[in-house]
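In case you want the letters, here they are:
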Amino acid sequence: MAGNTERRNKRNEGSKKGPSVGTGGHSRRALKGKGPTPPAEARKGHAKQRAAQAAAKRKAASPTTRRASGGGRPGRGGKSSSELVAGRNSVLEVLLAEAPATSLFIAQYIDSDDRVREAMKIANVRGIPLMEIPRPELDRMTDGAIHQGLVLQMPPYEYAHPDDLIVDAHDRGEAPIIVALDSITDPRNLGAVIRSAAAFGGHGVVVPERRAAGMTAGAWKSSAGAATRVPVARAANLTRALEAYKKAGMTVVGLAADGDISLEELDAAVDPIVIVVGSEGKGLGRLVQETCDITVRIPMAGGNESLNAGVAASIVLYEVARRRAV
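Reference entry: report on the structure contained in this document. Note that residues are indexed from 1 along each chain, following the sequence as it is written. Where local features are concerned, this predicted model is filtered to residues with pLDDT of at least 70; where side-chain atom pairs are given and counted, the filter is 80 or more; whole-chain, interface and lining totals use all residues. Each side-chain value is derived from all of the structure's non-hydrogen atoms; neither hydrogens nor water enter the calculation.

### Here we look at the packing of helix α8 (residues 187-199) against helix α12 (residues 309-325)
Part 1 of the reasoning: Axis separation between α8 and α12 bottoms out at 8 Å; the angle between their running directions is 15°. Comparing the axis directions of α8 and α12 gives the class roughly parallel. Pair α8 / α12 crosses with right-handed handedness. For the pair formed by α8 and α12, the contact residues are N189, A192, V193, S196 and A197 on the first element and A309, G310, A313, S314 and L317 on the second.
Part 2 of the reasoning: Classes in brief: Ala, Val, Leu, Ile, Met, Phe, Trp, Tyr, Cys and Pro nonpolar; Asp, Glu, Lys and Arg charged; the others, Gly included, polar. Grouping the constituent residues of the contact of α8 with α12 by class yields 6 nonpolar, 4 polar and no charged. Here the axes come from fitting lines to C-alpha atoms, over the contacting stretch only for helices, and the angles between their N-to-C directions go from 0 to 180 degrees. Numbering of helices and strands starts at the N terminus; helices are DSSP runs of H or I of at least 4 residues and strands are runs of E of at least 2. Comment on the angle field: the value is read as roughly parallel under 35 degrees, roughly antiparallel over 145, roughly perpendicular from 65 to 115, and oblique elsewhere. Should the near helix be turned counterclockwise from the far one by less than a right angle, the crossing is left-handed, whereas a clockwise turn marks it as right-handed. Contact definition: two residues touch when any of their heavy atoms are within 4.5 Å.

Structure follows, in structure tokens:
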């Protein structure tokens, strides 16, 4: 009994309540730590975690890479979204059109032909990186589109501002010639207009931001390289852009089958001019036509009611260039 009392007193030494009796290792599991503290981004409810989640949502909502060759509408803002062009013919045509490209993807163990060799040659000359990847990866990149082992990635197109086209013309000491497209949804028509503008001294093309063709692979191919020389501007509202051009001293001329005057009567051809072209079916929109200073008709033989937008723009651009050369 005396021995037990002595041991208890030793435990109580230096403490009013006395130290608690040890567990003898029976509760080691309960004393085990939970590991290192996780980073702030991984802690539930932490401010940094909420910020990281918000950033991920913004990234998911931003324009993504299009997975088809030549389709899709451009992203909003000053740039379109990047584009993947799939297929040997399509890739080679885009490269021959001098379109910009960031990478040429080639399937491993590809069965090479003249198109593949020519595409690789152009890419090497232009300094475009060649990336050899497994065919299943190409399938995933193109969402199963027929790529024939060849895929070209194009960078986002940087659209000009409509005002920039006037500045460029004045910098050259020339009266501006601008083509505006209303309700043109076929990128091949856009490419054809760019090609005509380059041929007849045009200073740029303006397209609406919504419900209109943008600078896709199809537009690059149709332009046959002219898109590297003629800038394309994108307007949030085409009517307002035309009004701004009018305030800058330009004459806005709309093409219409029942135009006020015939093309040969267009004396404003020698002045700063905006040529507005509507779609083949619907023509000019009501607000756009009301904004025009004058509408012009192209004389045609009986039975022909309308022209393709690219052809109509080409005819008017030629007439403007001819008048200015006199």
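### Some remarks on unusual backbone geometry
Part 1 of the reasoning: Residue Y109 is not a glycine yet carries a positive backbone phi of 60°.
Part 2 of the reasoning: If you trace the backbone, Y109 turns up in the loop between β2 (103-107) and α5 (114-126).
Part 3 of the reasoning: A positive phi angle is found at D143, which is not glycine, with a value near 55°.
Part 4 of the reasoning: Within the element layout of this structure, D143 appears in the loop between α6 (135-141) and β4 (150-154).
Part 5 of the reasoning: Working definition: with a 1.4 Å probe on protein chains only, accessible area under 20% of the residue-type maximum means buried, over 50% means exposed, and in between means partly exposed. A relative accessible area of 59% places D143 in the exposed class.

### Thoughts on the environment of A321
Part 1 of the reasoning: Topologically, A321 is positioned in helix α12.
Part 2 of the reasoning: For the pair A321 and A199, spaced 122 residues apart in sequence, the C-alpha to C-alpha distance is 9.5 Å.

### Remarks on the packing of aromatic side chains
Part 1 of the reasoning: Each aromatic pair joins two rings of Phe, Tyr and Trp (for Trp, the six-membered one) with centres within 6.5 Å, and gets the label stacked for planes under 30 degrees apart, edge-to-face for over 60, and tilted for any other angle. Tallied over the entire structure, the rule returns 3 aromatic pairs.
Part 2 of the reasoning: Centre to centre, the rings of Y157 and Y159 are 4.8 Å apart; their planes meet at 75°, and the pair counts as edge-to-face.
Part 3 of the reasoning: The class of Y157 is buried, set by a relative accessible area of 12%.
Part 4 of the reasoning: Look at Y159 and you get buried, because its relative accessible area is 10%.
Part 5 of the reasoning: Measuring from centroid to centroid gives 6.2 Å for Y157 and W220, while their planes differ by 70°, and the two rings are edge-to-face. Note that Y157 is positioned in the loop between β4 and α7 (162-171) and W220 in helix α9 (residues 217-223), a separation of 63 residues in sequence. Here the two residues Y157 and W220 agree in accessibility, since each one is buried.
Part 6 of the reasoning: Clustering of aromatic rings is evident, with ring pairs tying together Y157, Y159 and W220.

### A word on a negative patch on the surface
Part 1 of the reasoning: On the surface, a cluster of negative charge is made up of D163, D164, D168 and D171.
Part 2 of the reasoning: For D163, the position within the fold is in helix α7.
Part 3 of the reasoning: A relative accessible area of 40% places D163 in the partly exposed class. Like-charged residues are merged into a patch within 9 Å and nonpolar side chains (Val, Leu, Ile, Met, Phe, Trp, Tyr) within 5 Å, provided each residue has over 30% relative accessible area and no salt bridge. Surface exposure here means Shrake-Rupley accessible area, sampled with a 1.4 Å probe, where a residue is shielded only by the protein chains that are shown. When a carboxyl oxygen of Asp or Glu lies within 4 Å of a side-chain nitrogen of Lys or Arg, that pair is called a salt bridge. Positive: Lys, Arg. Negative: Asp, Glu. His and the chain ends are not part of the count. Here the site of a charge means atom NZ of a Lys, CZ of an Arg, CG of an Asp or CD of a Glu.

### Regarding the pairing of strand β5 (residues 177-181)
Part 1 of the reasoning: A large share of β5 lies buried, amounting to 5 of its 5 residues.
Part 2 of the reasoning: Here β5 shows a buried face lined by I177, V179 and L181 and a second buried face lined by I178 and A180.
Part 3 of the reasoning: Strand pairing is defined by DSSP finding a minimum of two bridges between the two strands. Examined bridge by bridge, β5 and strand β10 (residues 273-277) share 5 bridges and lie parallel to one another. Its bridge partner lying in β10, I177 is registered against I273.
Part 4 of the reasoning: Of the strand pairs in this sheet, β5 and strand β6 (residues 204-208) are connected by 3 bridges, and their pairing is parallel. Bridging across to β6, A180 finds its partner in V206.
Part 5 of the reasoning: With the strands aimed away from the viewer, a crossover counts as right-handed if its path from the first strand over the helix to the second runs clockwise. As a crossover connection, the stretch from β5 through α8 into β6 is right-handed.

### Side note on the pairing of β4
Part 1 of the reasoning: In terms of residue burial, β4 counts as a mostly covered element, since 4 of its 5 residues are buried.
Part 2 of the reasoning: Where strand β1 (residues 83-86) lies against β4, 4 bridges are found, and the strand directions are antiparallel. Across the sheet, the residue bridging to L84 is Q153, located in β4.
Part 3 of the reasoning: Across 4 bridges, β2 lies against β4 in antiparallel orientation. Each bridged residue has a counterpart across the sheet, and for F105 the counterpart in β4 is V151.

Purely geometric stuff here, so don't read any function into it on its own.
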